[in-house]
Amino acid sequence: MRRKQKDPEAFDRRLIAPMVMGSILNPVNSSIIAVSLVPIGVALGAPPAETAWLVSALYLATAIGQPVVGRLVDLYGPRSLFLVGSGLVGVAGVLGLLAPNLPVLIVARVLLGFGTCAGYPAAMSLIRSESERTGHDRPGGVLTLLAITTQTIAVIGPTLGGLLIGLGGWRATIAVNLPLAVACLILGALYLPRHHQRPDGPVRLDFPGIGLFAATLVSLLLFLMTPNGAHWYLLLITLGAGAGFAVRELRTTAPFLDLRVLGGNFPLLLTYARSLLAYVVSYAFLYGYTQWLEEGRGLSASRSGLLLLPVFLVGIGVAALTGRYKELRGKLLVGAVGQIAACALLLTLGGTSPIWLLVVVAVVLGLPQGLNGLALQNSVYYQADPERIGASAGLLRTFMYLGAMVASAATGGFFGPRADTAGLHHLAWFVLAVGVLFLVVTLFDRTLRHTAAK
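As the structure is a computational prediction, the values presented were derived from the model and not from experiment.

Chemist: Would you explain the nonpolar core in this entry?
Modeler: The tendency in soluble globular proteins is for nonpolar side chains to be buried side by side. Residues Y283, F285, Y289 and L349 are the most contacted members of the largest nonpolar core, which totals 119 residues. Broken down by element, this core gets its largest block of residues, 15 residues, from helix α14 (residues 266-295). When sequence neighbours within four positions are dropped, the list of residues in contact with F285 reads T290, A342, C343, L346, V361 and L365.

Here you go:
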């Protein structure tokens, strides 16, 4: 029987498995930790203020590492970075599995953060290279698959974590990275292309630029984690390192982030701004609304988790239904209105709010959850310089985690020692303002009409 030959003009479907597996490494480790913090604190004798570093460590490493690794993907191709990152995930899994104390476990989470940085930029780079190879720049199905996959993991991550803890304790939630890393290594070695066209001439990495970029983000994120007057010096470090980074990148001939090109790409800058704003709202619900459900509304952790399921389920459904359409402005506008509606609904909640109203809040929030994430990802794909798609995709994730940190700081500031209804309403006014700003930025961005129709 003759073997059917692959269509040279079709997307290489063998790439989908490693792309999806690599892209889920970060969201699965971001979501699964939510149910692990309490048992880890009990087992290692650490209070919540210390175990919170397990979340922050991953965010810090990912926010810095995504654009750095993305730039390396641009230079050296996705295969080598994908395999190195997958190997680092495995090492982090072993270290976390054997960690005798919290500091070692935090180090494992940092390694895990850097290891998971390769999957998403590599996937975006592969989609771009396949589009150029086939001559068909319509990768909507694959881009939608990536968006749906990450949202699916957000749904099952805490549930999977609970099952693993029940079977093998909190260390099982760390050990899950071992089979995932092995699967990524096998799939990457088998299917990722070996050849990559490198830039003409010698490749020089901008280590000073990378260092200044890291210093800027670390100091900024540390301030956002503990925003008070006593840590004013962190803002000075942020400003100093940021200024040094800008001067360095504008003067060097081989910048880590080409600020001249980036500064001239106004549509891409607006996409990053929208990403920051969108994820401030999204993570404020994830952090603040969830805490209020438990402390302000008096629900158990399990019931609160179930009330979040409609957010992600609606988001997955919306992304699946709209993913094949390339138009972006309509998705972002509907997503913006959905954000505003969900934030406004928070102002109606109180300690005796009926369950059906809480479900309505989750369903309404699911609409922007599906539309915004998909549209922002597709915007970067179409707006970024094809030769820097990895770094551009990584930078999108950096702005996402900046939004998460802002949301975390706002939640802590408005709630104080307890997540009561008054604090929820103050948080609601804040995210409502952010949602309105997202709408304004989108409404007046005329470039969106033509972004996906080039």
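Still more to cover.
Chemist: Help me understand the pattern of salt bridges, please; the structure alone is not making it clear to me.
Modeler: Pairing of side chains with opposite charge becomes possible as their charged atoms draw close. On inspection of all chains with the given rule, the structure shows two salt bridges. The salt bridge partner of R71 is D74, with a shortest N-O separation of 3.9 Å. With R71 and D74 both in helix α4 (residues 53-76), this residue pair falls three residues apart, about one helical turn. Each member of the pair R71 and D74 is classed as buried. Here R274 ties to D445 by a salt bridge, and the two come within 3.0 Å at their closest N and O atoms. With a gap of 171 residues between them, R274 in helix α14 and D445 in the segment after α19 (421-443) connect regions that are remote in the sequence. Across the pair, exposure class does not vary: R274 and D445 are buried alike.

Chemist: How should the state of the cysteines be read in this particular structure?
Modeler: What makes a disulfide is a covalent bond joining the sulfur atoms belonging to two cysteines. Within the structure shown, the criterion is met by zero disulfides. Not engaged in a disulfide, the cysteine C117 finds its nearest cysteine sulfur in C184; these two sulfurs lie 14 Å apart.

Chemist: I would appreciate a short explanation of empty space enclosed by the protein in the present structure.
Modeler: The gaps left among the atoms become clear once a water-sized probe is rolled over them. The tally for this structure, following the rule as stated, stands at four cavities of 30 Å³ or more. The volume enclosed by the largest cavity comes to roughly 150 Å³. In terms of lining, the largest cavity is formed by L257, D258, V261, L262, N265, L268, Y272, D385, R388, A391, S392 and L395. At the level of elements, α13 (259-264), α14 and α18 (389-415) are the ones that each hand at least two residues to the lining of the largest cavity. In terms of residues, the lining of the largest cavity owes the most to one element, α18, which gives three residues. Its residues assigned to classes, the lining of the largest cavity comprises seven nonpolar, two polar and three charged.

Chemist: How should I be thinking about the packing of α4 against helix α6 (residues 102-115) in this particular structure?
Modeler: The relative placement of two packed helices comes down to the angle between their axes together with the axis-to-axis distance. The geometry of α4 relative to α6 is characterised by a closest axis approach of 8 Å and an angle of 30° between their N-to-C directions. Comparing the axis directions of α4 and α6 gives the class roughly parallel. Both α4 and α6 take part in a crossing whose hand is right-handed. On α6, the residues that touch W53, L54, V55, A57, L58, A61, T62 and G65 of α4 are L102, L105, I106, R109, V110, L112, G113 and F114. Considering only residue class, the contact of α4 with α6 consists of twelve nonpolar, three polar and one charged.

Chemist: Before we go on, may I ask you to explain the packing of aromatic side chains in this structure?
Modeler: The relative placement of two aromatic rings is captured by the distance of their centres and the angle of their planes. Evaluation of the coordinates by the stated rule reveals ten aromatic pairs. Measuring from ring centre to ring centre gives 6.5 Å for W232 and Y233, while their planes differ by 85°; the resulting arrangement is edge-to-face. Both rings, one in F414 and one in F430, keep their centres 5.8 Å apart while their planes meet at 45°; by these two values the pair is tilted. Here F414 is found in helix α18, whereas its partner F430 is found in helix α19, with 16 residues between them in sequence. Site record: aromatic cluster; members linked through ring pairs are Y59, Y279, Y283 and Y401.

Chemist: When you look at the packing of α14 against α19 in this model, what are you seeing that I'm missing?
Modeler: As a packed pair, α14 and α19 sit with axes 10 Å apart at the nearest point and diverge in direction by 160°. Considered as vectors, α14 and α19 are oriented roughly antiparallel to each other. Taken as a pair, α14 and α19 cross one another with a handedness that is left-handed. Along the contact surface, α14 presents L270, R274, L277, A278, V280, V281, A284, G288, Y289 and W292, while α19 presents T421, L424, L427, F430, V431, V434, G435, L437, F438, V441 and T442. Residues of the contact of α14 with α19, tallied by class, amount to 16 nonpolar, four polar and one charged.

Chemist: How should α6 be read in this particular structure?
Modeler: An α-helical segment advances 3.6 residues per turn. Residues three or four places apart therefore align on the same side. Taking 1.5 Å of rise per residue, the 14 residues of α6 would be expected to cover 20 Å, and the 20 Å separating its terminal C-alpha atoms lies within 8% of that figure. Those residues of α6 not exposed but buried are L102, L105, A108, R109, L112, G113 and G115. The buried side chains of α6 occupy one side of the element, clustering within an arc of 160° when seen end-on. Sitting at the head of α6, N101 places a side-chain oxygen 3.1 Å from the backbone nitrogen of V104.

Thresholds applied
- Residues numbered from 1 in each chain as written.
- Predicted model: local features only at pLDDT ≥ 70, side-chain atom pairs only at ≥ 80, totals over all residues.
- Heavy atoms only, no water.
- Core = buried A, V, L, I, M, F, W, Y, C linked by side-chain atoms within 4.5 Å.
- Buried < 20%, exposed > 50% of the residue type's maximum accessible area, 1.4 Å probe, protein only.
- Helix = DSSP H or I, 4+ residues; strand = E, 2+ residues; numbered from the N terminus.
- Contact = heavy atoms within 4.5 Å.
- Salt bridge = Lys/Arg side-chain N within 4 Å of Asp/Glu carboxyl O.
- Disulfide = S-S within 2.5 Å.
- 1 Å grid on protein atoms, 1.4 Å probe; cavity = no way out; pocket = protein on both sides within 12 Å on 5 of 7 lines; lining within 4 Å.
- Points joined across faces, edges and corners; volume = space filled by probe spheres on them.
- Nonpolar A, V, L, I, M, F, W, Y, C, P; charged D, E, K, R; others polar.
- Axes fitted to C-alpha atoms, helices over the stretch in contact; angles between N-to-C directions.
- Parallel < 35°, antiparallel > 145°, perpendicular 65-115°, else oblique.
- Left-handed = near helix turned anticlockwise from the far one by under 90°.
- Phe/Tyr/Trp six-rings, centres within 6.5 Å; stacked < 30°, edge-to-face > 60°.
- Expected span 1.5 Å × (residues − 1).
- Arc of directions from axis to C-beta.
- Polar contact = N/O pair within 3.5 Å; in protein donor to acceptor, adjacent residues only side chain to side chain.

Fair warning: the whole summary comes from geometry, so function is off the table for now.
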